[in-house]
Amino acid sequence: ARDEVQSKLLLANGHAGALSFSLLSTLVRVVCQNTFNTALRDGDSLFKFKHTASIKEKIKDVEQHIIDVGRATSKVMDVFKKMSDTTLPKKLSVETWFAELLNVKKNKETRIYNSSGKIDTMLNYSTRGENILHKVVSAYDSEPLIKGTNWGLFNAITNYVDHSLQSRSDDSIMFGSGNLLKQKAYSKLTRAFV
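The text that follows walks through the structure, step by step, so that each part is easy to find. (Residues numbered from 1 in each chain as written. Predicted model: local features only at pLDDT ≥ 70, side-chain atom pairs only at ≥ 80, totals over all residues. Heavy atoms only, no water.)

**Quick notes on the pattern of salt bridges**
Okay, so step 1: One pass over the full model with this rule turns up four salt bridges.
Okay, so step 2: Among the ionic pairs, Asp-42 bridges to Arg-41, the shortest N-O distance being 3.1 Å.
Okay, so step 3: For Asp-85, the salt bridge identified is with Lys-81, shortest N-O distance 3.0 Å. Residue Asp-85 and its partner Lys-81 are located together in helix H2 (residues 55-85), separated by four residues, close to a single helical turn. (Salt bridge = Lys/Arg side-chain N within 4 Å of Asp/Glu carboxyl O. Helix = DSSP H or I, 4+ residues; strand = E, 2+ residues; numbered from the N terminus.)

**Digging into the sheet that holds strand S3 (residues 44-49)**
Okay, so step 1: Here three strands make up an open sheet; going across it, the order is S1-S2-S3 and the pairing antiparallel. The open sheet has two edge strands with one neighbour each: strand S1 (8-12) and S3. Between one strand axis and the next, the sheet turns through 15° on average, direction left out of account.
Okay, so step 2: The sheet contact formed by S1 and strand S2 (residues 21-26) spans five bridges and is antiparallel. Its bridge partner lying in S2, Leu-10 is registered against Leu-24.
Okay, so step 3: Here helix H1 (residues 33-42) sits on the sheet in contact with S1, S2 and S3, set at roughly 100° to S1.
Okay, so step 4: Contacts from H2 reach S2 and S3, with the element oriented near 145° to S3. (Pairing = 2+ DSSP bridges. Axes fitted to C-alpha atoms, helices over the stretch in contact; angles between N-to-C directions. Contact = heavy atoms within 4.5 Å.)

**Things to note about the environment of Ala-185**
Okay, so step 1: When you line up the elements, Ala-185 lands in helix H7 (residues 177-190).
Okay, so step 2: With relative accessibility at 0%, the residue Ala-185 sits in the buried group.
Okay, so step 3: Sequence separation between Ala-185 and Trp-151 is 34 residues, and the spatial gap between their C-alpha atoms is 10 Å.
Okay, so step 4: Apart from residues lying up to four places away in sequence, Ala-185 is in contact with Leu-101, Phe-154 and Ile-157. (Buried < 20%, exposed > 50% of the residue type's maximum accessible area, 1.4 Å probe, protein only.)

**Considerations on the packing of H2 against H7**
Okay, so step 1: Two elements in contact, H2 and H7, have axes whose closest approach is 11 Å; the angle formed by their N-to-C orientations is 70°. For the element pair H2 / H7, the angle class is roughly perpendicular. The interaxial crossing formed by H2 with H7 has left-handed handedness. For the pair H2 and H7, contact is made by Val-79, Phe-80 and Met-83 and by Tyr-186, Leu-189 and Thr-190, respectively.
Okay, so step 2: Looking at the contact of H2 with H7, its residues break down into five nonpolar, one polar and no charged. (Parallel < 35°, antiparallel > 145°, perpendicular 65-115°, else oblique. Left-handed = near helix turned anticlockwise from the far one by under 90°. Nonpolar A, V, L, I, M, F, W, Y, C, P; charged D, E, K, R; others polar.)

**A closer look at unusual backbone geometry**
Okay, so step 1: Located in the positive-phi region is Asn-103, a residue other than glycine, with phi close to 60°.
Okay, so step 2: For Asn-103, the position within the fold is in the loop between helix H3 (94-102) and strand S4 (106-113).

Structural data, given as structure tokens:
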């Protein structure tokens with residue numbers, strides 16, 4: 001059996017006023033006093049309010065935030081499901097799709113002799129471009145269950161950004177050029193149903 005790690009929200013309230021009204025994010029499943037204490041100690045605090053006259057309004061605000069996050073999460077999950085259900089057209093070249101998204105162009109001239117003995121010039125990707133495409137296409141090919149879907153293309157891009165970009169940093173992945181690339185792929189792949 002697979003042991004899944006799930007994030008949970010823990011709402012804690014000390015009715016006698018000794019414990020603040022708290023909302024924590026935790027991986028601990030609270031089933032007893034020991035796991036409750038562990039979750040309180042190790043969980044990430046999202047909200048914490050002392051028992052004051054304005055606590056009811058604060059709790060209503062928290063409730064609305066939770067509802068809003070739930071709605072947003074549900075919408076994203078619907079989009080992800082549609083992406084996984086959307087199969088790629090048979091004529092689509094995955095390599096060409098990635099090349100266009102990543103702005104990898106064929107700009108390296110290669111001269112070859114054709115069948116009549118004359119020299120033809122072909123444009124190919126640079127070595128750097130070939131390496132980039134190899135990484136992203138390999139990430140795409142490594143997931144056979146989602147290969148051939150919009151979800152497979154999107155996951156290949158996120159894998160490439162998170163694990164293969166040379167200038168990879170947490171800031172780039174979350175807020176910078178890596179994040180912009182993920183957003184570009186998401187927008188392109190969800191344009192039909194968002």
